[in-house]
There are 2 protein chains.
Amino acid sequence: MSIFNYFLKKEKTRSASVAKERLQIIVAHERNKRLQPDYLPLMQQEIIDVIRKYVNIDSDQVSVQLDNTDDCSVLELNITLPE
Amino acid sequence: MSIFNYFLKKEKTRSASVAKERLQIIVAHERNKRLQPDYLPLMQQEIIDVIRKYVNIDSDQVSVQLDNTDDCSVLELNITLPE
């Protein structure tokens, strides 16, 4: 199977799961001082733990992204919920 | 309204209060079944409690907004941090 086919296949499975239920959590910290400790990564697990009280979450269904710019840190959690 | 449009709209209102340090938490729940219990309001206090472990938050510095459309619930917390 070529890589091209691989992505084609991915694309298909992706559109199929569009109807899936999802949860997206975004924590944005706008800072005016640049040399502050960044606590967003530490919050991440605790926020997931809160959500887990209300819905079942597979750990492998959670994708985490952390973006930093000069004056803003953004933590993004994308969770696909079980059917 | 898609989540993407939601953030685009938010982006506009954001530029006004640039100086203060702020924390913004957005929890968006995309649903495919409409008649589900909405647990976002319940999560709200617990998420604030997590954040409170890392930063001091005045309760009167927290504004909470909950938007519901047919297939999406969005909980938004805006917190102005102490100087």
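The name that an unreviewed UniProt entry assigns to chain A is Cell division topological specificity factor, with the source organism given as Neptunomonas qingdaonensis. In the Function (unreviewed entry) part of its UniProt record, chain A is described as follows: "Prevents the cell division inhibition by proteins MinC and MinD at internal division sites while permitting inhibition at polar sites. This ensures cell division at the proper site by restricting the formation of a division septum at the midpoint of the long axis of the cell."

> Is there a simple way to think about the overall build of chain A in this case?
Scanning chain A from N- to C-terminus turns up two helices and three strands. Across chain A, helices and strands are ordered from the amino to the carboxyl terminus as α-β-α-β-β. Classification of the 83 residues of chain A by burial places 35% in the buried group. Within chain A, counting contacts between residues at least 6 apart in sequence, those at least 24 apart form 64% of the total. In the structure as shown, chain A presents an accessible area of about 5500 Å², 53% of it carried by carbon and sulfur atoms.

> Could you clarify how one ought to interpret the pairing of strand β1 (residues 22–30) of chain B in this entry?
Taken residue by residue, a regular strand's side chains alternate between the two faces of the sheet. Most of β1 of chain B is tucked away: eight of the nine residues are buried. Where strand β1 (residues 22–30) of chain A meets β1 of chain B, nine bridges bridge the pair, whose relative direction is antiparallel. Looking at β1 of chain B, one finds that H29 of chain A is bridged to L23 of chain B. Here β1 of chain B pairs with strand β3 (residues 72–80) of chain B via nine bridges, running antiparallel. Among the inter-strand pairings, I25 of chain B is bridged to a residue of β3 of chain B, identified as L77 of chain B.

> I keep staring at the relation of the copies chain B and chain A and nothing clicks. Help me out?
Expressed as a screw operation, the relation of chain B to chain A combines 0.0 Å of axial shift with a rotation of 180°, fitting to an RMSD of 0.1 Å. What we have between these two chains is a two-fold relation.

> Whenever I open this one, the packing of helix α2 (residues 40–52) of chain A against helix α2 (residues 40–52) of chain B confuses me. Can you help?
The geometry of a pair of packed helices is captured by two quantities: the angle between their axes and the separation between those axes. Their axes nearest at 10 Å, the elements α2 of chain A and α2 of chain B cross at an angle of 160°. On the basis of their axis angle, the class for α2 of chain A and α2 of chain B is roughly antiparallel. Taken as a pair, α2 of chain A and α2 of chain B cross one another with a handedness that is right-handed. Contacts between α2 of chain A and α2 of chain B pair M43, E46, I47, V50 and I51 of chain A from the former with M43, E46, I47, V50 and I51 of chain B from the latter. For the contact of α2 of chain A with α2 of chain B, a count of residues per class yields eight nonpolar, no polar and two charged.

Each value, and the rule that gives it
Residues numbered from 1 in each chain as written. Chains lettered and ligands numbered in written order. Predicted model: local features only at pLDDT ≥ 70, side-chain atom pairs only at ≥ 80, totals over all residues. Heavy atoms only, no water. UniProt positions renumbered as here; feature names shortened; annotations may be inferred. Helix = DSSP H or I, 4+ residues; strand = E, 2+ residues; numbered from the N terminus. Buried < 20%, exposed > 50% of the residue type's maximum accessible area, 1.4 Å probe, protein only. Contact = heavy atoms within 4.5 Å. Areas by Shrake-Rupley, 256 points an atom, 1.4 Å probe, with all protein chains shown as cover. Pairing = 2+ DSSP bridges. Least-squares fit on C-alpha atoms with pLDDT ≥ 70 in both. Axes fitted to C-alpha atoms, helices over the stretch in contact; angles between N-to-C directions. Parallel < 35°, antiparallel > 145°, perpendicular 65-115°, else oblique. Left-handed = near helix turned anticlockwise from the far one by under 90°. Nonpolar A, V, L, I, M, F, W, Y, C, P; charged D, E, K, R; others polar.

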